[in-house]
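Below are the chains, spelled out letter by letter.
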Amino acid sequence: MRNRQADHDSRGLTFQGTMLLNWETRTDDVASDRPAEDEKNERLLRTLLFSQDLHHEHGDESGDRMVADLARVEAKLDLLLDMVSDLLRQEQSPAVATPVELWLNGASWTSGTDRLPELGGRLWLSLYIDSRLAQPLRLPARVTDVAGIAESFRVTVAFEVLDEPVQDLLAKLIFRQHRRMIAQQKADKRSE
């Protein structure tokens, strides 16, 4: 078992919250499913980032605003098509709401004792970052730690072979969520 403090320090920025989560054992080669999954993940992350934008940029008279609005609509339509397709093909066990910590190279979550992945096992991790969306972020991962905590377990995974655009968008999402978490903590302290 690794030094938890050293592991935590290497994570950098994290995104913490309760999310719907599901995982399935991966026995196949990641490369066979990677292009399709990367494309879906990229669209999902772009849509999440677009939907979280609170500050709309005011375009000049050259139509920049219209182009940006059209790109947002197109991204949402692409995501909608993927979600409908996934719902029609869905044959996996339901996701469970659990506290999740997400960072650029991995994630950890709390799990009951009924279903645990094997240490060193390869899996597909499905994270429903926005519970309003039926499509999860689906990432290939390897289990790096399974530790007992009271009556549950803390599972930690490292992501494998993330596409560069997916990694960049995930970094933006984590940074944004981390910044919001810090701002909320500061607001809570001021209100005390």
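Residues numbered from 1 in each chain as written. Predicted model: local features only at pLDDT ≥ 70, side-chain atom pairs only at ≥ 80, totals over all residues. Heavy atoms only, no water.

Enquirer: I'd like a rundown of the confidence of the model for the protein, residues and numbers included.
Expert: Residue-level pLDDT values for the protein average 81, and 81% of them are 70 or greater. Here helix α1 (residues 4-9) stands out as the element of the protein with the lowest mean pLDDT, 44, in contrast to strand β6 (residues 152-159), whose mean of 95 is the highest. Low confidence marks residues 1-9, where pLDDT is under 50. Its contacts with residues over four positions away, or in another chain, come to seven contacts. Predicted confidence is poor over residues 54-61, with pLDDT under 50, and the contacts of this stretch with residues over four places away or in other chains come to six contacts. (pLDDT = per-residue confidence, 0-100. Helix = DSSP H or I, 4+ residues; strand = E, 2+ residues; numbered from the N terminus. Contact = heavy atoms within 4.5 Å.)

Enquirer: Requested: an account of helix α4 (residues 164-191), with residues and values cited.
Expert: In this model α4 runs 41 Å from its N-terminal to its C-terminal C-alpha over 28 residues, within 8% of the 40 Å that 1.5 Å per residue would give. Inspection of α4 places Val166, Leu169, Leu170, Leu173, Ile174, Arg176, Gln177 and His178 among the buried residues, and these make up the whole buried set. (Expected span 1.5 Å × (residues − 1). Buried < 20%, exposed > 50% of the residue type's maximum accessible area, 1.4 Å probe, protein only.)

Enquirer: Go over the nonpolar core, please, and point to the residues and values.
Expert: Core analysis: the biggest nonpolar cluster contains 32 residues, and Leu102, Leu125, Ile129, Val157 and Phe159 have the highest contact counts within it. Counting residues per element, this core draws most heavily on α4, which supplies five residues. For leucine 102, the contacting residues outside a window of four places in its chain are Leu13, Thr14, Phe15, Ala107, Leu127, Ile129, Phe159, Leu170 and Ile174. (Core = buried A, V, L, I, M, F, W, Y, C linked by side-chain atoms within 4.5 Å.)

Enquirer: Account for the pattern of salt bridges, naming residues and giving values.
Expert: Within the structure shown, the criterion is met by six salt bridges. With a shortest N-O distance of 3.0 Å, glutamate 42 and arginine 46 are connected by a salt bridge. Separated by four residues within a single helix, glutamate 42 and arginine 46 lie in helix α2 (residues 30-52), roughly one turn from each other. Residue arginine 46 is classed as partly exposed on the basis of its relative accessible area, which comes to 37%. (Salt bridge = Lys/Arg side-chain N within 4 Å of Asp/Glu carboxyl O.)

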